[in-house]
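What follows is the residue order along each chain.
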Amino acid sequence: MSILDSAFSNMFVPSEQRAASSIFEGFGSFASFANVHTPSKMKVRNALKISAVYNAVDQISNDLAKIPFGVFQDVDGSKERLRSHPADWLISLEPNYLMTPFIFKKLIGMSLPLRGNCLFKKHNDNRGYVESLEYIAWDDVIDVKLIKGEVYYYIKGMKNPLMSFEVLHFKQFSLNGIVGISTITFAAMQLDSALKSQEFLAVNLDNKGVRQGVIETDKIVKEKAGIIQGWRNAMAEKSADRVAVLDDGFKFKAITITPQELQIIEQQKFSVEDIARWFNIAPHKIKSLAQSTNNNIEQQSLDHVSDTIQPIITNIEQEFTKKLLSTKEKENTYIKGNLNVLLRADVKSRGEFYSKMVNIGAMNRNEVRKLEDMNNGPDLLDEYLTPVNTFTESQLAMNLKTPK
């Protein structure tokens, strides 16, 4: 049975048989937390040495950190921001005394692809509202168990486990819906290859292009060790003008670079494309512009928002709403992230968009001013415009009436 088969089959084991079992049983190398060691040598710190990986994680987490979140209430079909709600203060102003909202959201955006999970412990005030969120590194999670329908998190340094309602748990790709699996875990082989290519180039640059080789001579050599050590000493010098002298008819013959090694630069380019696939990010976002043009880069940016960032935002919105609002509040209150921040294009495109929205009556002019961080204008700008050639039937009937 494969690891995947084992993982999926564990989902259908009767609850009485797995009541107190670890969530990670059967996951083998897919599990990535403190007391599980994967067979792959690819670790997070090593993966971040690859520029494309670092940039992909940085881009995704930065875009997530830009998104403003707020608590909203649906009042007779109108959306109203509840700035006085404790959860709104928590997610938009001060998640804890150590972090700004930007760092808080960026940490989530970094932890998900690198660890597959991001965990925060909730601290409530005397009214029962969450007043701060304490970050718990996923490496400190010793185990996660499902006991009689409740999830328990066993944390290093904590005497008692945390229950699911005591934490905010954001998860990425998951095989059981309870814990996530990092992108690094799945992409370990590909990333290991990219890292070795990078190390190969570094070693050759450090040796100034002098590779392995053999020393040839037609004579019988008795003191082989002395010749080898002399060559090593000469080549070990780091100076740019190092000189190795071979006398008595000795010749150095380098072991030539293979055709595969000559294509190492090309291989690195393909590695960037593969990394973009693994992290579900447009290549131009990690500075790979080979397939980008002025005509398609704008569409790629829109795809980045809808395909890469929006699923993460939805994931966070639902976890916030589930864990930060009461059951009663959930009837007409929700937490929402504003993706419009990422959709702001250049001044010309933004102006054209606002003009169209105002002219069709979808937005009024004060709403546009608000989106541009400007103060409200006169009350006249609160009125919605209607094009004269798109009157409704009732408007036409009103205009055709003969004045008394």
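The numbering scheme is per chain: residues are counted from 1 as the chain's sequence reads. In view of the model being predicted, local features appear only for residues whose pLDDT reaches at least 70, and side-chain atom pairs are presented and counted only at 80 or more, with totals across whole chains, interfaces and linings using the full set of residues. Hydrogens and water molecules were not included; the side-chain quantities draw on all heavy atoms of the structure.

Visitor: Which parts of the structure should I look at to understand the overall build of the protein?
Guide: Of regular secondary structure, the protein possesses 15 helices and 11 strands. Buried residues are those whose accessible area, probed at 1.4 Å on protein chains only, stays under 20% of the maximum for their type, while exposed residues exceed 50% and partly exposed ones sit between those limits. Taking all 404 residues of the protein together, 33% fall into the buried category. Long-range pairs, those at least 24 residues apart, make up 61% of the contacts in the protein with a sequence separation of at least 6. Accessible area of the protein: about 25,100 Å², with a carbon and sulfur share of 55%. In DSSP terms, a helix is any run of H or I states spanning at least four residues, a strand is any run of E spanning at least two, and both are numbered starting from the N terminus. The contact criterion used is simple: two residues touch if any of their non-hydrogen atoms lie within 4.5 Å. Only the protein chains shown count as cover for residues, and the accessible areas themselves come from Shrake-Rupley with a 1.4 Å probe.

Visitor: Please clarify how the pattern of salt bridges should be interpreted in this entry.
Guide: Opposite charge on two side chains permits them to pair, given that their charged atoms come into close proximity. By convention in these notes, a salt bridge is any Lys or Arg side-chain nitrogen within 4 Å of a carboxyl oxygen on Asp or Glu. Scanning the entire structure with this criterion turns up 10 salt bridges. Residue D274 pairs with R277 through a salt bridge whose shortest N-O separation is 2.5 Å. Residue D274 and its partner R277 are both found in helix α10 (residues 264-278); the two are separated by three residues, about one turn of the helix. The class for D274 is partly exposed, based on a relative accessible area of 23%. Here the residues in one salt-bridge network are D63, K66 and K285, joined through shared partners.

Visitor: Help me understand helix α3 (residues 51-66), please; the structure alone is not making it clear to me.
Guide: Structural remark: α-helix, 3.6 residues per turn; residues separated by three or four positions point the same way. For α3, spanning 16 residues, the distance from its first C-alpha to its last is 22 Å, which sits close to the expected 22 Å at 1.5 Å a residue. Listing the buried residues of α3 in full gives A52, V53, N55, A56, V57, Q59, I60, S61, D63, L64 and A65. One less than the residue count of a helix, multiplied by 1.5 Å, gives the span that helix is expected to have.

Visitor: Before we go on, may I ask you to explain the pairing of strand β4 (residues 130-136) in this structure?
Guide: For a regular strand, the rule is simple: side chains alternate between the two faces of the sheet. Here strand β3 (residues 117-124) pairs with β4 via six bridges, running antiparallel. Across the sheet, residue K121 finds its bridge partner in β4, namely E134. What sits between β3 and β4 in their antiparallel hairpin is a turn of five residues, with G128 showing a positive phi close to 100°. For two strands to pair, DSSP has to find at least two bridges joining them.

Visitor: Looking at this structure, I do not really get the sheet that holds strand β8 (residues 167-171). What am I missing?
Guide: Hydrogen bonds between backbone groups are what pair the strands of a sheet, and the pairing can be parallel or antiparallel. Taken in spatial order, the three strands make up an open sheet running β4-β3-β8, and their pairing is antiparallel. A strand with exactly one partner marks an edge of an open sheet, and here the two such strands are β4 and β8. Between one strand axis and the next, the sheet turns by 25° as a mean value, whatever way the strands run. A fitted line through C-alpha atoms serves as each axis, taken over the contacting stretch for helices, and the angle formed by two N-to-C directions is quoted from 0 to 180°. In the packing of helix α5 (residues 101-115) onto the sheet, contacts are made with β3, β4 and β8, and the angle to β3 comes to roughly 140°.

Visitor: In this structure, what is going on with the sheet that holds strand β5 (residues 141-147)? I would like to understand it.
Guide: An order of β5-β6-β7 is seen for the three strands of this open sheet, with the pairing classed as antiparallel. Edge positions in the open sheet fall to β5 and β7 (162-163), since each of these has one partner strand only. Sheet analysis places β5 next to strand β6 (residues 150-155), joined by six bridges and oriented antiparallel. Counted as the bridge partner of L146 is V151 from β6.

Visitor: Would you take a moment to explain the nonpolar core for this structure?
Guide: When a protein is soluble and globular, its nonpolar side chains tend to lie buried together. The biggest cluster of nonpolar side chains holds 44 residues, and the ones touching the most others in it are I108, F170, F279, F320 and L324. Top contributing element to this core by residue count: helix α11 (residues 297-324), with seven residues. Each residue touching I108, except ones within four places of it in the same chain, is listed here: L64, C118, F120, F170 and I316. By size, the runner-up hydrophobic cluster in this structure holds 13 residues, among which are V151, I155, V167 and I178. Definition of nonpolar core: a set of buried residues of the types Ala, Val, Leu, Ile, Met, Phe, Trp, Tyr and Cys, connected through side-chain atoms within 4.5 Å.

Visitor: Explain the pairing of strand β2 (residues 78-81) to me, please; I cannot follow it from the model alone.
Guide: The sheet contact formed by strand β1 (residues 69-75) and β2 spans four bridges and is antiparallel. Bridge pairing links D74 to K79 in β2. Joining the antiparallel neighbours β1 and β2 is a turn of two residues, in which D76 adopts a positive phi near 50°.

Visitor: How should I be thinking about α5 in this particular structure?
Guide: Helix length check: α5, at 15 residues, gives a terminal C-alpha distance of 21 Å against a target of 21 Å (1.5 Å per residue), a fit within 8%. Where α5 is concerned, the buried positions are P101, F104, K105, K106, I108, G109, S111, L112, P113 and L114.

Visitor: Help me understand the confidence of the model for the protein, please; the structure alone is not making it clear to me.
Guide: Detail in the predicted coordinates should be disregarded across regions flagged by low pLDDT. In the predicted model, the protein carries a mean pLDDT of 76, and 64% of its residues have values of at least 70. Here residues 1-19 is modelled with pLDDT under 50, and outside its nearest four sequence neighbours on either side it reaches 24 contacts, counting other chains as well. pLDDT measures the predictor's confidence residue by residue and takes values from 0 up to 100. Of the regions scoring below 50 in pLDDT, residues 27-40 engages in 34 contacts with residues more than four places distant in sequence or in other chains.

Visitor: Looking at this model, I keep getting lost on unusual backbone geometry. Mind explaining?
Guide: Residues other than glycine predominantly adopt negative phi, and peptide bonds predominantly adopt the trans conformation. With phi around 50°, K148 is a residue other than glycine that occupies positive phi space. Among the structural elements, K148 can be located in the loop between β5 and β6.

Visitor: Can you walk me through the packing of α3 against α5 in this structure?
Guide: The axes of two packed helices give the description: the angle between them and the distance between them. The geometry of α3 relative to α5 is characterised by a closest axis approach of 8 Å and an angle of 140° between their N-to-C directions. It follows from the interaxial angle that α3 and α5 lie oblique. Considering how the two elements wind past one another, α3 and α5 form a crossing that is right-handed. Contacts from V57, D58, S61, N62, L64, A65 and K66 of α3 reach α5 at F102, K105, K106, I108, G109, M110, P113 and L114. Residues are grouped as follows: nonpolar covers Ala, Val, Leu, Ile, Met, Phe, Trp, Tyr, Cys and Pro; charged covers Asp, Glu, Lys and Arg; every other residue, Gly included, is treated as polar. Per-class residue counts for the contact of α3 with α5 are eight nonpolar, three polar and four charged. Should an angle fall under 35 degrees it is called roughly parallel, over 145 degrees roughly antiparallel, and 65 to 115 degrees roughly perpendicular, with every other angle called oblique. We call a crossing left-handed when the near helix sits turned anticlockwise from the far one by less than a right angle, and right-handed when that turn is clockwise.

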